[in-house]
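Here are the chains, one letter per residue:
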Amino acid sequence: MFNLFIKPAVRVKNPFNDAPIFYMDTVSSTMDVCRELERENVPHGTVIVADFQEKGRGRAGRSWQANGGENLIFTVLLRFGDFSAIPTALTLKTGLAAALAVEDFVALFCERGNLSCMVKWPNDLMFDSKKIAGILAESDGKNVFIGIGVNVGQTVFPTELREKAGSLALTTGMADVVKSARFRLLELILGRLQQELSAKDWRERLLGRLYKRGEAVRFIVGRADSDVTVEGVLVGVREDGGLLVLPHGAEGPSVFVTGELDVY
Ligand code: BTN
């Protein structure tokens with residue numbers, strides 16, 4: 001068996017049938033460890049959480065940087081069977097679940113709990129207009145590995161991220177409290193994720209939290225380095241998770257399944 005141990009601080013109840021939650025101080029990336037665990041036949045819903053990643057990765061080949069011991073960094077294994085591509089709706093349902101959990105978490109500690117945590121299509125969480133979390137979904141054609149990084153206790157960011165990045169510590173002003181409760185946030189996210197994966201009405205909840213909905217946006221079509229862009233009004237998302245943008249001057253919305261919003 002894989003040489004992992006469950007640290008007492010991570011005694012979190014896993015709503016995915018009590019699947020194991022493994023903890024490691026330092027990993028290359030929880031995505032890699034989760035893939036290794038998958039090969040050990042661990043069950044659906046198994047989680048690997050770490051305090052520091054040496055090679056944390058983000059979407060589109062970017063890196064994910066997070067100070068050690070201050071944030072929430074984990075990957076959950078979803079055993080779905082065969083499929084040809086990761087459904088866009090899965091990333092959005094995950095984003096919705098994480099946004100709801102962040103709201104629940106903040107409400108435990110302070111009155112700013114009435115702030116909405118927004119989902120920036122397709123994979124970012126925005127709180128107080130700053131990115132506080134990112135989601136990375138990878139697959140091996142049979143299983144999906146959902147990686148989530150939430151900036152919890154971090155208050156200082158590298159220069160290039162300073163304008164864009166936020167954290168729950170900065171939003172609440174309670175760095176020590178949120179940092180020491182970060183595994184409670186893990187429990188809340190897993191609970192919400194388990195619910196949203198089987199919910200029929202996820203889109204209704206998402207639409208109220210869809211970042212920039214009803215506003216003018218610039219959308220980068222396809223890959224992040226693509227020079228094809230569309231400007232228009234962000235209208236909503238389809239049942240399959242595709243983003244609906246009404247280009248300026250057009251009669252009906254266009255649907256996008258890959259790409260990202262160029263707005264902060
Ligand atoms: C993004 O915003 O581009 C997605 C960031 C995803 C980061 C998380 S942290 C846990 C998991 N392990 C990784 O290496 N990446 C994801």
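About the thresholds
Residues numbered from 1 in each chain as written. Predicted model: local features only at pLDDT ≥ 70, side-chain atom pairs only at ≥ 80, totals over all residues. Heavy atoms only, no water. Buried < 20%, exposed > 50% of the residue type's maximum accessible area, 1.4 Å probe, protein only. Helix = DSSP H or I, 4+ residues; strand = E, 2+ residues; numbered from the N terminus. Pairing = 2+ DSSP bridges. Phe/Tyr/Trp six-rings, centres within 6.5 Å; stacked < 30°, edge-to-face > 60°. Core = buried A, V, L, I, M, F, W, Y, C linked by side-chain atoms within 4.5 Å. Domains from an automatic or database assignment. Axes fitted to C-alpha atoms, helices over the stretch in contact; angles between N-to-C directions. Buried area = accessible area lost by both parts, 1.4 Å probe. Salt bridge = Lys/Arg side-chain N within 4 Å of Asp/Glu carboxyl O. Polar contact = N/O pair within 3.5 Å; in protein donor to acceptor, adjacent residues only side chain to side chain.

Details of the pairing of strand E6 (residues 130-139)
Reasoning step 1: The buried fraction of E6 amounts to seven of the 10 residues, a majority that puts the element mostly inside the structure.
Reasoning step 2: Between strand E5 (residues 124-127) and E6, which follow one another and run antiparallel, lie two residues, and Asp128 among them has a positive phi close to 55°.
Reasoning step 3: Where E6 hands over to strand E7 (residues 143-150), the hairpin turn is made up of three residues, of which Gly141 adopts a positive phi near 90°.

Notes on the packing of aromatic side chains
Reasoning step 1: Taken as a whole and assessed by the stated rule, the structure comprises four aromatic pairs.
Reasoning step 2: Centre to centre, the rings of Phe105 and Phe109 are 5.0 Å apart; their planes meet at 80°, and the pair counts as edge-to-face. Of this pair, Phe105 and Phe109 both sit in helix H2 (residues 88-109), four residues apart, which is roughly one turn of that helix.
Reasoning step 3: On the basis of relative accessible area, Phe109 is assigned to the partly exposed category, the value being 26%.
Reasoning step 4: Ring pairing ties together the aromatic residues Trp121, Phe219 and Phe256, which thus form one cluster.

Some points on the nonpolar core
Generally speaking, soluble globular proteins have nonpolar side chains that are buried together.
Reasoning step 1: Within the largest apolar cluster, 63 residues are counted, with the highest numbers of intra-cluster contacts made by Leu72, Leu168 and Leu185.
Reasoning step 2: The greatest single-element share of this core, amounting to 12 residues, is contributed by H2.
Reasoning step 3: Looking at which domains feed residues into this core, each of domain 1 (21-207) and domain 2 (216-261) gives three or more.
Reasoning step 4: The next biggest cluster of nonpolar side chains, apart from the first, holds 12 residues, and it includes Val33, Val42, Ile48 and Leu77.

Some thoughts on the sheet that holds strand E10 (residues 243-247)
Reasoning step 1: With antiparallel pairing, the five strands of this open sheet are ordered in space as E11-E10-E9-E8-E12. The sheet is open, and its two edges are formed by strand E11 (254-256) and strand E12 (259-261), each paired on a single side. Sheet twist, expressed as the average angle between the axes of neighbouring strands with direction ignored, equals 45°.
Reasoning step 2: Two elements, strand E8 (residues 216-221) and strand E9 (residues 229-237), share five bridges in a ladder whose sense is antiparallel. From the neighbouring strand, Ile220 faces E9, where its bridge partner is Thr229.

Considerations on the domain arrangement of the chain
Reasoning step 1: What the domain assignment reports for the chain is domain 1 (21-207) and domain 2 (216-261).
Reasoning step 2: The gap between the C-alpha centroids of domain 1 and domain 2 is 24 Å.
Reasoning step 3: A combined buried area of about 1,100 Å² lies between domain 1 and domain 2, and 53% of that area is made up of carbon and sulfur atoms.
Reasoning step 4: Area buried by domain 1 at its contact with domain 2 is led by Thr88, Trp121 and Arg203, which between them contribute 50% of it.
Reasoning step 5: Seen at the junction of domain 1 and domain 2, the total is three salt bridges.
Reasoning step 6: A salt bridge links Glu239 to Arg203, with the nearest nitrogen and oxygen atoms 3.1 Å apart.
Reasoning step 7: Inspection of the region where domain 1 meets domain 2 yields nine residue pairs in polar contact (both at pLDDT 80 or more).
Reasoning step 8: Listing elements by their share of the side of domain 1 that touches domain 2, those giving two or more residues are H2 and helix H6 (202-207).

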